[in-house]
Amino acid sequence: MKQIDANRLEARMNSRVRNNNIWKVIFFLSTLVGLVVLAILLIRVLMQGIGWLDWNFLTAKLSSNPDRAGIMGALLGTSWTMLVVIPVTIIIGIGSAIYLELYAKKGWFQNFIQTNISNLAGVPSIVYGLLGLTVFSRFLGLGNAVLAGGLTLSLLVLPILIVSAQEALRAVPQHLSEAAYGMGATKWQTIRTVILPAALPSILTGTILALSRAIGETAPLTVLGIPAFLLPFPNGLLDTFTALPMQIYYWTLDASLVAEYANLAAATIIVLLLLLFILNSIAIFIRNKFQQRY
Amino acid sequence: MLRKGCHNKMATNGDLNKKNAVDIGEMIARNKQKKSFSNYFEKAIPTILFIIAIISVLTTIGIVLTLITEAVEFFKRVPIWDFFTGTILKPLSQNPEFGVLPLINGTIMSTIIAMLVAGPIGLMSAIYLSEYASDKVRRVLKPLLEVLAGIPTIVYGFFAFTFVTPLIRSIFPGVDATNILSPGLVMGVMIIPMIASLSEDAMTSVPNAMREGSLAMGATKLETTIKVVIPAALSGIIASFVLGISRAIGETMIVTIASGSSKNFTFDITQSMQTMTAYIVEVSGGDAPAGSTIYYSLYAVALTLFVFTLIMNLLARYVSRKFREEY
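Residues numbered from 1 in each chain as written. Chains lettered and ligands numbered in written order. Predicted model: local features only at pLDDT ≥ 70, side-chain atom pairs only at ≥ 80, totals over all residues. Heavy atoms only, no water.

**Let's talk about the overall build of chain B**
We count it as follows: Counting from the N terminus, the helices are DSSP H or I runs at least four residues long and the strands are E runs at least two residues long. Only C-alpha atoms enter the radius of gyration; for comparison, a globular chain is expected to reach 2.2 Å times N to the power 0.38, where N is the number of residues. Exposure categories follow from relative accessible area, calculated using a 1.4 Å probe and restricted to protein chains: below 20% of the type maximum is buried, above 50% is exposed, and the middle band is partly exposed. The contact criterion used throughout is that any non-hydrogen atoms of two residues lie within 4.5 Å. Exposure was quantified through the Shrake-Rupley algorithm and a 1.4 Å probe, taking into account, for residues, occlusion by the shown protein chains and nothing else. When charges are counted, Lys and Arg are positive and Asp and Glu negative, with His and the chain ends excluded. A single reference atom marks each charge: NZ on Lys, CZ on Arg, CG on Asp, CD on Glu.
Per the secondary structure count, chain B includes 13 helices and two strands. Whereas a compact globule of 327 residues would reach a radius of gyration of roughly 20 Å, chain B reaches 30 Å, over 25% beyond that. For chain B, the C-alpha atoms occupy an extent of roughly 100 × 70 × 35 Å along the three principal directions. The buried share among the 327 residues of chain B stands at 50%. Counting contacts in chain B only where the partners sit at least 6 residues apart, residues at least 24 apart contribute 70% of the total. Entry remark: accessible area of chain B is about 16000 Å², with carbon and sulfur atoms responsible for 65%. Once the 27 positive and 22 negative side-chain charges of chain B are each reduced to a mean point, those two points are 13 Å apart.

Structure below.
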């Protein structure tokens, strides 16, 4: 009497192994799907826009004539908004992180703020736009000035920065701060001279990533009513402005009227992506170069 | 300041000049006096930081308050029941109608399409990265996938409108020039890295002992993954899906550009539909005068959107906490 049918066993084993191999290929291919789309997107944008990208395009004023149109205004607008976003997010973001990690007593209140921050991170950006429209544009009367846009974007990226700064502070080993206390340093002295410097590379990396999110964000700006066609360059925080993503948005929308606008949008996308690429490279460089492992 | 004091003291101790020698108690008192300013500062710091940290709470309060007060104004003019059950949205006509269902329908349709792309592909990418890929391959593939997540949504919108839609239309000529299918698909691609990386985190945190136990019993890698790793990581995987849905609901620029602004109440994905987010862009970017009913409708729609995403985010938190398997 046979207990095991060798043939059936082998057939079954073979089919199980085959299944495993087939699915391995399927899993690998699905990983590639995203990357293939990414490649198509980049190639497509490059092919469409690279011919339009020249010095004149970067430095000229906006124009309804595609051959003469430039994005200097959008570049300046984006720079001015960043001048608002950088100090505001750094001060509020790092301050909040220090409070939550190092000062707040563990308890319901800290929990409450923490939950609140993670919920804020999930609020759609367009809702921040409405907050900006109501509070900054209408209530404070800033209209569609750089300051209104910058503050709105700051609020939007704050949760990202707070969370990453908190992680950076948490990663500083306890024995460093204990050594500082042991030398007689006060709490603030310890934070200022020991914990913050040790956490700085990670915090900077987080800040740059938050900034690159702010640079590419469009939805809240559309709500603020940034004008589609703006000739004068912004010269201060209270000037009306446009930004790179807004320029892409308007040119894409108008591509059905003038076909060349699609190419201008593609060229602007190249500039925007290059900017983000540079920022992210800096972030990675800082992380690799200055981050210490304890 | 403290360090400086110590240093001086040691220097004078060198020649043991008795005139300069100080009583320890005196020195401490002197030091305390010297530090009184920095003492105040030291005490003020927690308060200053607390006020800064409160800003995030104020942001939440600001969002909720603005949405609710303006939405209440809207519901004074349009009955809340009509708003949530109305299937016709004609804000600009002579007899305006404000039914939010077309927008909710558009949002749900685009989310379903996006999740049909991002769910399976994201999960399978996570399985490959966490269970099959060698360290070397993972170190190349993961950052590349994350590039997808870093691309601004406006770029995806451009891509959907100028590439994906014409592509779909060349294969299926019946599709409208603006339709919900194309932005849905592109949105799905955008969400892949989010689901892949969150699910992968959940799966990598399943202890190796469980995998090895299963493999030692003769299970293949596929069987181990499906019967051991995925069940153990299920809470994290579900949470990643829910967060993906929340992201799709709140996504704005892709649908605004590629899905047009017709407020159809239809289930035909080849047609143009408007999502809640796209409506907000259209109305606020246009010229809705402050104080008009259409202006207040912005806030009613935004409040609905906010509640949708809030529920999703809370659900994701709940799932990942409640059903987490502890090892």
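Moving on from the coordinates now.
**Details of the overall build of chain A**
Secondary structure assignment for chain A yields eleven helices and zero strands. Going from N to C terminus, chain A has its helices and strands arranged as α-α-α-α-α-α-α-α-α-α-α. Scaling as 2.2 N^0.38, a compact globule of 294 residues should have a C-alpha radius of gyration of about 19 Å, whereas chain A reaches 26 Å, well beyond that. Referenced to the eigenvectors of the C-alpha coordinate spread, the extents of chain A come out at roughly 95 × 65 × 35 Å. Relative to its 294 residues, chain A shows a buried fraction of 50%. As displayed, chain A has an accessible area near 14100 Å², and 64% of this comes from carbon and sulfur atoms. Here chain A contributes 19 positively and 11 negatively charged side chains, and the mean placements of these two sets differ by 12 Å.

**Description of the side chain of B:T224**
Residue and element names in this part refer to chain B. The residue T224 is located in helix α10 (residues 221–250) in this model. According to the relative accessible area criterion, T224 is buried, its value standing at 3%. Residues within four places of T224 in sequence aside, it is in contact with R211, S214, L215, A219 and V229.

**Focus: empty space enclosed by the protein**
So the rule is basically this: Think of a 1 Å grid over the protein atoms and nothing else: a 1.4 Å probe that fits but is trapped marks a cavity, an open set flanked by protein within 12 Å on at least five of seven lines marks a pocket, and residues with an atom within 4 Å of a point count as lining. Grid points are joined across faces, edges and corners, and a volume is the space filled by probe spheres set on the points. Residues were grouped as follows: Ala, Val, Leu, Ile, Met, Phe, Trp, Tyr, Cys and Pro as nonpolar; Asp, Glu, Lys and Arg as charged; and all remaining residues, including Gly, as polar.
Within the structure shown, the criterion is met by four cavities of 30 Å³ or more. Space inside the largest cavity adds up to approximately 60 Å³. Around the largest cavity, the lining residues are A:K61, A:L62, A:G70, A:I71, A:G73, A:A74, A:L230, A:L231, A:F233, A:T242 and A:Q247. Of the residues belonging to the lining of the largest cavity, the class tally is six nonpolar, four polar and one charged. When its volume is computed, the second largest cavity comes out at roughly 40 Å³. Along its surface, the second largest cavity is lined by B:L129, B:K142, B:L145, B:E146, B:P193, B:A196, B:S197 and B:E200. Within the residue set of the lining of the second largest cavity, elements represented by two or more residues are α6 (135–150) and α8 (181–204) of chain B. The biggest single contributor to the lining of the second largest cavity is α8(B), with four residues. Of the residues belonging to the lining of the second largest cavity, the class tally is four nonpolar, one polar and three charged.

**Details of the UniProt feature "transmembrane region" (unreviewed entry) in chain A**
Residues and elements named next belong to chain A. To be explicit about the condition: UniProt positions are given in the numbering used here, feature names are shortened, and annotations may be inferred rather than shown by experiment.
The sites that UniProt annotates as "transmembrane region" (unreviewed entry) are residues 21–47, 80–100, 120–140, 146–165, 194–215 and 261–286. A distance of 26 Å separates the end C-alpha atoms of residues 146–165, which is 100% helix and 0% strand. Span residues 261–286 is 100% helix and 0% strand, its end C-alpha atoms 38 Å apart.

**Re the side chain of A:T252**
Position of A:T252 relative to the elements: it lies in helix α10 (residues 244–253). In contact with A:T252, other than residues within four places in its own chain, are A:A265, B:F158, B:F161 and B:I257.

**Structural notes on the interface of chain A and chain B**
Where we set the bar: Two parts placed together each lose some accessible area under a 1.4 Å probe, and adding up what both lose gives the buried area. In what follows, salt bridge is the name for a side-chain nitrogen of Lys or Arg lying within 4 Å of a carboxyl oxygen of Asp or Glu. Distance and chemistry together define a polar contact, namely a pair of N or O atoms within 3.5 Å, with one atom able to donate a hydrogen and the other to accept it when in protein, and with adjacent residues in sequence counting only for side-chain atoms on both sides.
The partner chain B presents 74 residues to the 71 residues of chain A that form the contact. In total, about 6300 Å² of surface goes out of reach between chain A and chain B, with carbon and sulfur atoms giving 77% of it. Three residues, A:F27, A:T31 and A:L130, lead the burial of chain A against chain B; their summed loss comes to 10% of the area buried on that side. Summed over the shared surface of chain A and chain B, the number is one salt bridge. Between A:R16 and B:E223 there is a salt bridge whose closest N-O contact spans 2.7 Å. In this assembly, chain A and chain B are joined by eleven residue pairs in polar contact (both at pLDDT 80 or more). Within the residue set of the side of chain A that touches chain B, elements represented by two or more residues are α1 (6–49), α3 (72–103), α4 (108–121), α5 (125–139), α8 (187–216), α9 (219–224), α10 and α11 (260–290) of chain A. The element contributing the most residues to the side of chain A that touches chain B is α1(A), with 21 residues. When the residues that make up the side of chain A that touches chain B are grouped by side-chain class, the tally is 45 nonpolar, 21 polar and five charged.

**Side note on the packing of aromatic side chains**
Rule in force here: Each Phe, Tyr or Trp ring, with Trp reduced to its six-membered ring, pairs with another whose centre is within 6.5 Å; inter-plane angles below 30 degrees give stacked pairs, above 60 give edge-to-face pairs, and intermediate values give tilted ones. Over a ring means this: the NZ of a Lys or the CZ of an Arg is within 6 Å of the ring centre and within 35 degrees of the ring normal.
Taken as a whole and judged by the stated rule, the model has 20 aromatic pairs over all chains. Between A:W108 and A:F109, the aromatic rings sit 5.5 Å apart at their centres with planes inclined by 85°, giving edge-to-face as the arrangement. Residue A:F109 is classed as partly exposed on the basis of its relative accessible area, which comes to 25%. Every member of this aromatic cluster is reached through a ring pair, and the members are A:Y99, A:W108, A:F109, A:F112 and B:F50. Geometry around A:Y103 places A:K187 over its ring, the cationic atom sitting 4.8 Å from the centre.

**Brief notes about a nonpolar patch on the surface**
So the rule is basically this: The patches reported here contain residues having more than 30% relative accessible area and no salt bridge. Joining distances are 9 Å for like charges and 5 Å for nonpolar side chains (Val, Leu, Ile, Met, Phe, Trp, Tyr).
Residues A:I4, A:L9, A:M13 and A:V17 make up a contiguous nonpolar surface patch of about 350 Å² in total accessible area. The exposure class of A:I4 is exposed, given its relative accessible area of 59%.

**Some thoughts on the pattern of salt bridges**
Residues and elements named next belong to chain B. In this structure the tally under the stated criterion is nine salt bridges over all chains. The residue D135 makes a salt bridge to R138 at a minimum N-O spacing of 3.3 Å. Note that D135 and R138 are positioned in helix α6 at a spacing of three residues, about one turn of the helix. On the accessibility criterion, D135 (47% relative accessible area) is partly exposed. Salt bridges sharing common partners tie together E73, K76 and R77.

**Focus: the packing of helix α5 (residues 101–132) of chain B against α8(B)**
Residues and elements named next belong to chain B. How we decide: Angles shown run from 0 to 180 degrees and are taken between the N-to-C directions of axes, each axis being a line fitted to C-alpha atoms and, for helices, limited to the stretch in contact. Handedness of a helix crossing follows the sense of rotation of the near helix relative to the far helix, less than a right angle counterclockwise being left-handed and clockwise being right-handed.
Between α5 and α8, the least distance of the axes is 6 Å, while the angle of their chain directions is 35°. Where α5 crosses over α8, the handedness of that crossing is right-handed. Residue composition of the contact of α5 with α8, grouped by class: 19 nonpolar, ten polar and two charged.

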